[in-house]
Amino acid sequence: MVLSIRPPIRRLFTTSTIAYTECIDILVSETKPNHLAQKTHFVNHVDMLEVNSQLKQLVKAGNLNAARGMFDKMPHRDEISWTNMISGYVNASDSCEALVLFSTMWVQPGLRMDHFVLSLALKACALNMNLYYGELLHGYSVKSGFVNSVFVGSALLDMYTKVGKIEQGCRVFDEMPIRNVVSWTAIITGLVRAGYAKEGLVYFSEMQRSKVEYDSYSFAIALKACADYGALNYGRAIHAKTIKKGLDESSFVANTLATMYNKCGKLDYGMRLFEKMRTQDVVSWTTIITTFVQMGQEEHAIEAFMKMKKSDVSPNEYTLAAVISGVANLARIEWGEQLHAHVLRIGLVNSLSVANSIMTMYSKCGQLTLASMLFHDMTRRDIVSWSTIIAAYSQGGYGEEAFEYLSWMRREGPTPNEFAFASVLSVCGSMAILELGKQLHAHVLSVGLEHTAMIQSALINLYSKCGSIKEASKIFDVTENDDIVSWTAMINGYAEHGCSQEAIDLFEKIPTFGLKPDSVTFIGVLTACSHAGLVDLGFHYFNLMSNEYRINPSKEHYGCMIDLLCRAGRLSDAEYMIKSMPFQRDDVVWSTLLRACRVHGDIDCGTRTAEEILKLDPNCAGTHITLANIYASKGRWREAANVRKIMKSKGVIKEPGWSCIKVKDQVSAFVAGDRSHPQGEDIYCMLDLLASRTEIAIRGVSSLPNDVED
């Protein structure tokens, strides 16, 4: 966070000096004859100055263990001693210990709270997401008058924005009698990081009108807002201001400038700025690599990483985590394995950000066993590690394993957050396990996570996929309507249920709530158009993506459009779009067209499409069977028989169907011809018994006289 600890430290030094001066004044003006007591008082005070100075040096050096040892042995601790120690824990992100020390200080007799230590405690609450404690401190600051301090006010609004209470943060800011650059930067940062980039830029403009001097942090967060909002022209204006102020060459600002241009689609500008940097340090390289990954330009990210390797700059843990994430998105396991080996060689495998990225990479490449092995070998795990492994099994469709990891997390790990619960709720939706999903819903309500955007969208997704679209709609209706994720989930839910008009109406309402649809939202509305056969409207939304929202259509968007054309019977247009789309043509889009050829009986297009699929996957059983069925539907039995013969000669066998059932909180999958279930013998005995009874019943019905009246 932009909120700096430096002002309190400078102030602490000043306070110590004033205290020392005041002590001398008291000694000089003192007329009592007890000179020995005066001398002892003076010496003790000088000793405290020296001890606090040593304590401060240990804290600044990051040697918290030695500092704490010294602090615990001090026979007397004043406000400066406590503040130094609490500051050390806050800077080390050990918010729990910082708040424990603050609570102990609170009850110490003879100590007075000041706005510096109070702002540190509020920063600890922000780090720990401890809203309850933060609200208590807010009440105390109002009662004591410390709320009027610029340090306390800045820390308060920072705390509220970090825990997601944006309105309260803005209210604190608006009521501050004095605002400095830290206050302005804190509120802009809070808004931008919460996804309110436009509002952050409004505050940045107000900051300019209030004549408060910008610093590099203010410019950087404003440029981030421009990048997130796609405000290229505003970003250019801020760029000009940084040049006037001489801050454009600051590494921090230069990196953010490059990111802004890259995210606004001006990759050449971003690279030019990057190349003109006086010092291309590890932060610069990491910024450019991370930006490429976030924009879906993973190939460029890997190229930048290779150039970095050739330079004299060594990648750090954040660089490696970013490039591994890029490899994960490409699902290039051979590159991921090389990076894993490199990380092992340089000793960064114990870095949590790197280990979590490697685990994600293996899971996205379908290597769940390797991801699990890595998780079990980790010496320490954070909330991201647990959420990553749960998400990996959830997305892989392994619901039982995902639940086991969630249970393990609740027993031995950190308290599960919304990401962990959302992943498991997603499994319940995918596997249509409604009862278990309802139990998780109840648990989420009990722990107070039901209002988070991630949980709300997961619940909407759960109920809609389990056929309870009305329940999903009820959950959506009580949401705060301030995030696009829940809107997207509801639009997709309506689209999947064939409620196309409801999905389209909901999509049209998005701008009125100050939101912007993302790429996933467009998939939902395009699916709705496809199910309703609204070709012209589908093309309108498809063009709207790039023309108005600057979203480049992905392979999934092209897939929706191809499906739309296929359902409308426009097979030649669908075939043309497949051949002209700027992506590698895979068997998924061709299979969509092949199924449409079967429905509409287009043998010529079906033959061409089947040939394209068999080039990609020569042993695809579904393609052979569908093509044979197309021939058979038109009475071309010889061609159908030839396809069957080719299929037989290749040894191609149709993949057996499977289904699942939940009994006593356990999900069992059944595959045709499979007898590997632990209770397989009992199951088949019961199946034979039911079959025999059915046969007896049929025989009984067939033996009835034919002249029975209806």
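Asks: Hey, could you run me through the layout of surface pockets in this one?
Replies: Empty pockets left among the atoms are what a rolling probe the size of a water molecule brings to light. Approximately 930 Å³ is the volume found for the second largest pocket. Lining of the second largest pocket is provided by 31 residues; of these, Gln-395, Ala-422, Ser-423, Ser-426 and Met-454 occupy positions nearest its centre. Only helix H20 (352–364), helix H22 (383–395), helix H24 (418–430), helix H26 (453–465) and helix H28 (484–496) provide two or more residues apiece to the lining of the second largest pocket. Considered class by class, the residues forming the lining of the second largest pocket number ten nonpolar, 17 polar and four charged.

Asks: Which parts of the structure should I look at to understand helix H16 (residues 282–294)?
Replies: In an α-helix there are 3.6 residues to a turn, and that puts residues three or four apart on one side. With 13 residues, H16 should cover 18 Å at 1.5 Å per step; its first-to-last C-alpha distance of 18 Å lies within 8% of that length. Those residues of H16 that fall on the buried side of the exposure criterion are Ser-284, Trp-285, Thr-286, Thr-287, Ile-288, Ile-289, Thr-291, Phe-292 and Val-293. Packing partners of the buried residues in H16 comprise helix H14 (251–263), helix H15 (267–276), helix H17 (298–310) and helix H18 (317–330). After H16 finishes, the residue Gly-296 shows a positive phi value of roughly 80 degrees.

Asks: So what exactly am I meant to see when it comes to the environment of Val-323 here?
Replies: Structurally, Val-323 is set in helix H18. Spatially, the C-alpha atoms of Val-323 and Ile-302 are 6.4 Å apart, while their sequence positions differ by 21 residues. Not counting the four nearest positions on each side in its chain, Val-323 is found in contact with Ile-289, Ile-302, Phe-305 and Leu-339.

Asks: Please clarify how unusual backbone geometry should be interpreted in this entry.
Replies: Despite not being glycine, Met-129 has its phi angle at roughly 55 degrees, a positive value. Tracing the chain through its elements places Met-129 in the loop between helix H6 (115–128) and helix H7 (131–144). Positive phi, close to 65 degrees, is recorded for Lys-211, a residue that is not glycine. Relative to the assigned elements, Lys-211 resides in the loop between helix H11 (197–209) and helix H12 (216–229).

Asks: Honestly, the pattern of salt bridges in this entry has me stumped. Any pointers?
Replies: Where charged atoms from two side chains of opposite charge approach closely, those side chains can pair. Scanning the entire structure with this criterion turns up 14 salt bridges. Where Arg-68 meets Glu-97, a salt bridge forms, and the shortest distance between an N and an O atom there is 2.9 Å. Residue Arg-68 is located in helix H3 (residues 64–73), and its partner Glu-97 is located in helix H5 (residues 95–106); the two are separated by 29 residues in the primary sequence. Here Glu-97 falls in the partly exposed class, since its relative accessible area comes to 24%. Among the salt bridges present, the one from Asp-158 reaches Lys-162, with a minimum N-O distance of 3.8 Å. Remark: Lys-162 and Asp-158 occur in helix H8 (residues 150–162); sequence separation between them is four residues, near one turn of the helix.

Asks: So what exactly am I meant to see when it comes to empty space enclosed by the protein here?
Replies: A full pass over the atoms with the stated rule returns two cavities of 30 Å³ or more. When its volume is computed, the second largest cavity comes out at roughly 50 Å³. As for the second largest cavity, its lining consists of Ala-669, Phe-670, Val-671, Asp-674, Arg-675, Ser-676, His-677, Gly-680, Ile-683 and Tyr-684. Sorting the residues of the lining of the second largest cavity by element identifies strand S2 (666–671) and helix H38 (680–702) as the ones contributing at least two each.

Asks: I keep staring at the nonpolar core and nothing clicks. Help me out?
Replies: Proteins that are soluble and globular tend to have nonpolar side chains buried together. Counting 124 residues, the largest nonpolar core has Ile-289, Phe-522, Tyr-541 and Leu-593 as its most contacted members. Among residues more than four places away in sequence, those in contact with Leu-593 are Cys-566, Leu-571, Ala-574, Glu-575, Ile-578, Cys-605 and Thr-609. Of all hydrophobic cores here, the second largest spans 70 residues; its members include Leu-101, Leu-157, Val-172 and Met-260.

Definitions and cut-offs
Residues numbered from 1 in each chain as written. Predicted model: local features only at pLDDT ≥ 70, side-chain atom pairs only at ≥ 80, totals over all residues. Heavy atoms only, no water. 1 Å grid on protein atoms, 1.4 Å probe; cavity = no way out; pocket = protein on both sides within 12 Å on 5 of 7 lines; lining within 4 Å. Points joined across faces, edges and corners; volume = space filled by probe spheres on them. Helix = DSSP H or I, 4+ residues; strand = E, 2+ residues; numbered from the N terminus. Nonpolar A, V, L, I, M, F, W, Y, C, P; charged D, E, K, R; others polar. Expected span 1.5 Å × (residues − 1). Buried < 20%, exposed > 50% of the residue type's maximum accessible area, 1.4 Å probe, protein only. Contact = heavy atoms within 4.5 Å. Salt bridge = Lys/Arg side-chain N within 4 Å of Asp/Glu carboxyl O. Core = buried A, V, L, I, M, F, W, Y, C linked by side-chain atoms within 4.5 Å.

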